[in-house]
Amino acid sequence: MRTLFVAGNWKMNPTTLEAAVKLAEEVKAGVGQAVNVRVAICPPSLYLYRMDEVLAGSPIGLGAQNMNAKPEGAFTGELSGPMLVDAGCTHVILGHSERRHGHGETDDLVNGKLIAALESRLLPIVCVGETRLERESDMTEDVVGRQLEHSLAGLTPEQMGGVVLAYEPVWAIGTGLTASPTQAQAVHAFIRRHLAAKFGEATASRVVVQYGGSVKPDNAAELLACPDIDGALVGGASLKAADFLGIFHAGQSVVAQGKA
Ligand code: PGA
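Participant: How should the overall build of the protein be read in this particular structure?
Facilitator: Along the protein, the regular secondary structure elements total 12 helices and 8 strands. Pairs at least 24 residues apart make up 74% of the contacts formed inside the protein by residues separated by at least 6 positions. If you average the places of the 21 positive and of the 28 negative side-chain charges in the protein, the two averages end up 2 Å apart.

If you want it as structure tokens, here you go:
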């Protein structure tokens, strides 16, 4: 049984701590003590210590958007797993397409970060997804399969059970274009088959696979109702508490209708 998991990736927003605190407080109030849908927010790292204080007493997880694979040392501008844990983080996003494409992150690099995150006992959210050109060239499964193969290399089935995946078609991120539930479900089912072949059926059935790419309150329910879509990684719509909570509520209604 997998619990739906909705995470907000704030990216490089908002630009003041005051606005970040306000947004986190609104999300905290809206989620209350609900645990039938898991929630996490991933603010800019500069705000993490303060966010941990704001979220005290709430079931909402706190995530970073990236980390370095090394625990400490001479790595200018970087943050390590132990630092994120000290700041109160429970989660970390790894291999987001904006890091893969904008910062040259490779699958091997993501794999190193993943191992380091697990060593720090952070719950990683590993992102995969194809570009528009790759989809149009019918290469979606090749690309996602390769990303999974290399990003998840060396993990035991037990470790894999503690990893969240996010399928985020690059063409749908921040564009207002969303994969249709049919398109998204097809890739999610492919991801689960890939996990089953590599880690076994039992592990594959436990892994939470979020969908990301222009998820909004008005398209969330039909995406979250798909059998292999176990949550959402939300960018733009996570910056307005009402929109993010709308997606959370869509998840709750899908659970109320019988989805685990
Ligand atoms: P978006 O971003 O919801 O703004 O498309 C999703 C993401 O990048 O995780």
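Read on, since the account is not over.
Participant: Can you help me understand the pattern of salt bridges in this one?
Facilitator: Pairs can form between side chains of opposite charge once their charged atoms are near each other. Tallying each qualifying case throughout the model produces 11 salt bridges. Residues joined in a network through salt bridges with shared partners are Arg-2, Arg-192, Asp-228 and Asp-230.

Participant: Would you explain empty space enclosed by the protein in this entry?
Facilitator: The probe, sized like a water molecule, is rolled over the atoms to show the empty space still left. The full count for this structure, using the stated rule, is 1 cavity of 30 Å³ or more. When its volume is computed, the largest cavity comes out at roughly 40 Å³. Around the largest cavity, the lining residues are Gly-95, Ser-97, Arg-100, Cys-127, Val-128, Gly-129, Gln-147, Glu-168 and Val-170. Those elements giving two or more residues to the lining of the largest cavity turn out to be α4 (97-102) and β5 (123-128). In terms of residue class, the lining of the largest cavity is built from 3 nonpolar, 4 polar and 2 charged.

Participant: Hey, could you run me through the packing of helix α5 (residues 107-119) against helix α7 (residues 140-151) in this one?
Facilitator: Packed helix pairs are specified by the crossing angle of their axes together with the interaxial distance, meaning the distance between the axes. Contact pair α5 / α7: the axes reach a minimum separation of 8 Å and the direction vectors enclose 45 degrees. As the angle between them shows, α5 and α7 are arranged oblique. The chirality of how α5 crosses α7 is right-handed. In this structure, α5 uses Asp-107, Asp-108, Val-110, Asn-111 and Leu-114 to contact α7, whose residues at the interface are Arg-146, Gln-147, His-150 and Ser-151. Per-class residue counts for the contact of α5 with α7 are 2 nonpolar, 4 polar and 3 charged.

Participant: So what exactly am I meant to see when it comes to the layout of surface pockets here?
Facilitator: Each pocket or cavity is described by its volume, and for the largest pocket that value is around 510 Å³. Lining the largest pocket are 18 residues, with Lys-11, Ser-45, Gln-65, Asn-66 and Arg-99 sitting closest to its centre. Per-class residue counts for the lining of the largest pocket are 6 nonpolar, 8 polar and 4 charged. The computed volume of the second largest pocket comes to approximately 160 Å³. In terms of lining, the second largest pocket is formed by 18 residues, of which the most central are Ile-173, Gly-174, Ser-214, Gly-235 and Gly-236. The class makeup of the residues in the lining of the second largest pocket is 5 nonpolar, 10 polar and 3 charged.

Procedures and definitions
Residues numbered from 1 in each chain as written. Predicted model: local features only at pLDDT ≥ 70, side-chain atom pairs only at ≥ 80, totals over all residues. Heavy atoms only, no water. Helix = DSSP H or I, 4+ residues; strand = E, 2+ residues; numbered from the N terminus. Contact = heavy atoms within 4.5 Å. Lys, Arg positive; Asp, Glu negative; His and termini not counted. Charge placed at Lys NZ, Arg CZ, Asp CG, Glu CD. Salt bridge = Lys/Arg side-chain N within 4 Å of Asp/Glu carboxyl O. 1 Å grid on protein atoms, 1.4 Å probe; cavity = no way out; pocket = protein on both sides within 12 Å on 5 of 7 lines; lining within 4 Å. Points joined across faces, edges and corners; volume = space filled by probe spheres on them. Nonpolar A, V, L, I, M, F, W, Y, C, P; charged D, E, K, R; others polar. Axes fitted to C-alpha atoms, helices over the stretch in contact; angles between N-to-C directions. Parallel < 35°, antiparallel > 145°, perpendicular 65-115°, else oblique. Left-handed = near helix turned anticlockwise from the far one by under 90°.

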